[in-house]
Amino acid sequence: MNAGKLDQRVTVERFTSTVDDWGTPIESWAPLFTCWAAVEPLVGREYIAAQALQSEVTTRIRMRFRPWMTAQDRVIHDGKTYNIVSVIDVRSGHRELVLMCRG
């Protein structure tokens, strides 16, 4: 992984559900962490190949490895929300994550 390419700030959020004093469920997205990442829109051949696997995959986000990341989380970048379609541990090396997202 080239750390110099991780030049954009992203916030990862996780869906939470709690109950208030009256027993009413409160569901919301809570920030999990903020980090440096590379946000790469998919174009041309990459976009077509990604759509063959997952519908509407439009963006690839690269970041340092975090073992707790799941496809149920979401990413906020520059005011835009990206839903994670898949979380890929590159070469199973526990050094870099690639998030295939739709936004």
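Analysis parameters
- Residues numbered from 1 in each chain as written.
- Predicted model: local features only at pLDDT ≥ 70, side-chain atom pairs only at ≥ 80, totals over all residues.
- Heavy atoms only, no water.
- pLDDT = per-residue confidence, 0-100.
- Helix = DSSP H or I, 4+ residues; strand = E, 2+ residues; numbered from the N terminus.
- Pairing = 2+ DSSP bridges.

So, on to the confidence of the model for the chain. Caution is warranted with low-pLDDT regions, since their predicted coordinates should not be read in detail. Taken as a whole, the chain shows an average pLDDT of 87; of its residues, 85% reach a score of 70 or greater. In the model of the chain, helix α1 (residues 44–53) stands out as the element of lowest mean pLDDT, 56, in contrast to strand β4 (residues 74–77), which has the highest, 97.

Moving on, we come to the pairing of strand β5 (residues 80–89). Of the strand pairs in this sheet, β4 and β5 are connected by four bridges, and their pairing is antiparallel. What sits directly across from H77, in β5, is K80. Here β4 hands over to β5 after two residues, with D78 in that stretch at a positive phi of 55°. Sheet topology places β5 next to strand β6 (residues 96–102); six bridges connect them, and they run antiparallel. What sits directly across from S86, in β6, is M100.

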